[in-house]
Amino acid sequence: MWKIAPIRFVLKVIVCAIISFSAAAQENVLPGIARSSEYLPALRGKHVAVVINQTSEWKGVSLLDKLIEEKIDVRTVFVPEHGFRGTADAGAHIDNATDAKTGLPVVSLYGKNKKPSREQMQGIDVVVYDLQDVGVRFYTYISTLQYVMEACAESGVFLMVLDRPNPNAHLIDGPVLDTSLRSFVGMQPVPVLYGMTCGEYAMMLRGEGWIPNAGKLFMQVIPCENYTHKTRYALPVSPSPNLKSMTAIYLYPGLCLFEGTEVSVGRGTDKPFEQWGHPGFKAKSRYHFEPKGRQGAQHPLWEDKKCYGQLVAANTEEAYEMTKGGLDLKPLLTAYNWSEDKQHFFNDFFDKLAGNRELKEQIQQGISEEEIRKSWVENLDRFRTIREVYLLYKD
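Structure report, in brief.

How each quantity is defined
- Note on numbering: residues in each chain are counted from 1, in written sequence order.
- Under the rules for a predicted model, residues below a pLDDT of 70 receive no local features and side-chain atom pairs below 80 are neither given nor counted, while totals for whole chains, interfaces and linings still include all residues.
- Processing note: side-chain calculations cover all non-hydrogen atoms of the structure and skip hydrogens and water entirely.
- Helix and strand definitions here come from DSSP, where helices need a minimum of 4 consecutive H or I residues and strands a minimum of 2 consecutive E residues; each element is numbered from the N-terminal end.
- Atoms considered for the radius of gyration are the C-alpha atoms alone. The globule rule reads 2.2 Å times the number of residues to the power 0.38.
- For every residue, the accessible area obtained with a 1.4 Å probe (protein chains only) is divided by the maximum for its type, and the residue is called buried under 20%, exposed over 50%, and partly exposed between those limits.
- This count recognises Lys and Arg as positive and Asp and Glu as negative, with His and chain-terminal groups excluded.
- Taken as the charge location is NZ of Lys, CZ of Arg, CG of Asp or CD of Glu.
- Each pair of strands is called paired provided DSSP finds at least two bridges between the two strands.
- A crossover counts as right-handed when, viewed with the strands pointing away from the observer, the path leading from the first strand over the helix to the second turns clockwise.
- Two residues form a contact once any of their heavy atoms are found within 4.5 Å.
- Stacked, tilted and edge-to-face pairs are distinguished by plane angle, under 30 degrees for stacked and over 60 for edge-to-face with tilted covering the rest, among Phe, Tyr and Trp rings (Trp via its six-membered ring) whose centres lie within 6.5 Å.
- Placement of a positive charge over a ring is assigned whenever Lys NZ or Arg CZ falls within 6 Å of the ring centre and within 35 degrees of the normal to the ring plane.
- Axis definition: a line fitted to C-alpha atoms, limited for helices to the stretch in contact. Angles are taken between N-to-C directions and run from 0 to 180 degrees.
- Orientation labels follow simple angle bins: below 35 degrees gives roughly parallel, above 145 gives roughly antiparallel, 65 to 115 gives roughly perpendicular, and whatever is left gives oblique.
- If you view the pair so one helix is near and one far, a crossing is left-handed when the near helix is turned anticlockwise from the far one by less than a right angle, and right-handed when it is turned clockwise.
- Here, a disulfide means two cysteine sulfur atoms that sit within 2.5 Å of each other.
- For the purposes of this section, nonpolar cores are sets of buried Ala, Val, Leu, Ile, Met, Phe, Trp, Tyr and Cys residues that join through side-chain atoms within 4.5 Å.

Helix and strand content of the protein: 13 helices and 14 strands. Relative to the 2.2 N^0.38 estimate, which gives 21 Å for 395 residues, the radius of gyration of the protein is 22 Å and therefore close to what a compact globule would have. If one aligns the C-alpha atoms of the protein with their principal axes, the spans along those axes are about 65 × 55 × 45 Å. The burial tally for the protein puts 53% of its 395 residues in the buried class. Looking at charge distribution, the protein has the averaged site of its 45 positive side-chain charges lying 3 Å from that of its 47 negative ones.

Our focus in this paragraph is the pairing of strand β7 (residues 126-129). Residues Val126 and Val128 of β7 are buried on one face, and the alternating residues Val127 and Tyr129, pointing to the opposite face, are buried as well. Across four bridges, strand β1 (residues 47-51) lies against β7 in parallel orientation. By the bridge assignment, Val50 is partnered in β7 with Val128. Summarising the sheet, β7 and strand β8 (residues 158-162) pair through four bridges and their orientation is parallel. Residue pairing in the sheet places Val128 in a bridge with Met160 of β8. Since β7 and β8 lie parallel, the crossover through helix α5 (residues 141-155) that links them has a hand, and here it is right-handed.

The next point concerns helix α7 (residues 246-255). Taking burial as the measure, the ten residues of α7 include ten buried ones, the bulk of the element. When we look at burial in α7, the residues that qualify are Met246, Thr247, Ala248, Ile249, Tyr250, Leu251, Tyr252, Pro253, Gly254 and Leu255. The inward-facing, buried residues of α7 contact β10 (191-194), β12 (275-278), α8 (316-323) and α9 (330-338).

Here we come to the packing of aromatic side chains. Counting across every chain of the model gives 17 aromatic pairs. Considering the side-chain rings of Tyr147 and Phe184, the 6.2 Å spacing of their centres and the 15 degrees angle between planes classify their relative orientation as stacked. Remark: Phe184 occurs in the loop between β9 (172-176) and β10 and Tyr147 occurs in helix α5; sequence separation between them is 37 residues. When the centroid spacing of 5.3 Å and the interplanar angle of 45 degrees are considered together, the rings of Tyr194 and Tyr201 count as tilted. Positioned above the aromatic ring of Tyr320 is the side chain of Arg232, whose terminal nitrogen or guanidinium carbon lies 3.7 Å from the ring centre.

So, on to the packing of α7 against α8. Interaxial distance between α7 and α8 falls to 8 Å at its minimum, and their mutual angle equals 20 degrees. Judged on the interaxial angle alone, α8 and α7 are roughly parallel. In this structure, the crossing between α7 and α8 has a hand that is left-handed. For the pair formed by α7 and α8, the contact residues are Met246, Thr247, Tyr250 and Leu251 on the first element and Thr316, Ala319, Tyr320 and Thr323 on the second.

Within the secondary structure, Asp270 is located in the loop between α7 and β12. Residue Asp270 is classed as exposed on the basis of its relative accessible area of 60%. The sequence separation of Asp270 and Cys224 amounts to 46 residues, and the corresponding C-alpha distance is 32 Å. Each residue touching Asp270, except ones within four places of it in the same chain, is listed here: Lys244 and Arg294.

To continue, consider the state of the cysteines. The final tally for this structure, using the stated rule, is zero disulfides. Between Cys224, a cysteine without a disulfide, and Cys198, which holds the nearest cysteine sulfur, the sulfur-to-sulfur distance is 7.7 Å. By relative accessible area, which is 7% here, Cys224 ends up buried. Sulfur of Cys307: no disulfide; nearest cysteine sulfur belongs to Cys256 and is 17 Å away.

What follows is about the nonpolar core. One finds Val127 and Leu159 to be the most contacted residues of the largest nonpolar core, which totals 92 residues. Residue contributions to this core peak at eight residues, all from α5. Each residue touching Leu159, except ones within four places of it in the same chain, is listed here: Val127, Tyr129, Val148, Met149, Cys152, Leu217, Phe218, Met219 and Gln220. Counting 21 residues, the second-largest nonpolar core is a separate cluster that includes Leu67, Ile72, Leu104 and Val128.

Moving on to unusual backbone geometry. Phi at Asn213 is positive, roughly 60 degrees, even though this residue is not glycine. Using a relative accessible area of 34% as the deciding quantity, one classes Asn213 as partly exposed. A positive phi angle is found at Asp304, which is not glycine, with a value near 65 degrees. Checked against the element boundaries, Asp304 lands in the loop between β13 (288-289) and β14 (307-311).

Here the focus is the sheet that holds β13. On the basis of which strands lie adjacent, the open sheet formed by three strands has the order β12-β14-β13 and antiparallel pairing. Of all the strands in the sheet, the pair left with one neighbour each is β12 and β13. Direction of pairing for β12 relative to β14: antiparallel, over a ladder of four bridges. In the sheet register, Gln275 faces β14, and the bridge partner there is Leu311. Strands β12 and β14 of the sheet are contacted by α9, whose axis makes an angle of about 10 degrees with β12.

Take a look at the structure:
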């Protein structure tokens, strides 16, 4: 036993050192919003609109409050899915409103009005985009970014993107979108994990001509400082109501595919996107949870029913280690194998999330994860070549 204890001690010291190094690295990272001397001069004397939510802050001060304090003439607040405060359910209709603190109009860019109209852009000189993303194709903030870019190009409005770290920027993996399946959860031929910040992604949309009138768009990215794609970055503010932890953010790329199935990912619990389950899996697992209606998950799947399945990771470090190899299909494959009603396991949303029609067919045919992953390689290599041109930070 005396030989084992020192090894455990050494491993513990190594893990603690890695965590401490990551924390120190994060302390030095400055997102675009922190570099006010780079963007405030360009906003003075201009009529400004902002695309923001609860994540658009630096050290507890929101971008909107910062601009108001600096006497910047903000005219309109555009908000993405989940609303201004980030509390609305996924897919919930967001109404236009007035911000009680500033009296400014708050315009939803979700529902029927996903793209700012010419009327909404009228009188605006500059749009400032500052949303914290998680680097996953079906996370809709990059779709909002694309529509804002299109509106700016059409209206001759300057776009400024305040860049932020991508917590999954170290990963490029998953099926590349088949553009015949374009939707708000996937608009461009990129993989599920595309390894870019929102600023880099915006440059790619314009540079590749993936938006109408790309050549007419005048845009500036305010980059992060002291950041690379390998920097471990814990988000200071939850980006949406069901991504409550870094554990969930690391597991989200694989577990969100369950949204295209009859299996719950724990919406309506304290651990959404950290677990999965179904009432029919009782014979397969003792682990269970019971979804309840709450803010951000008003009517979750299998509400008030015990769902049996798995807690995917015990903590954030385990989630990071499990997913650092790329998109994790193991939970999805396990759940499909457990299902006694495979004919109804998938719903119509699955192909849009996956970005192709093949993944569902591969799972139904019992193809191994290794073979499935091999089928992505050619398209991933092609995407990496495109991506390389637009990088602002080292891999």
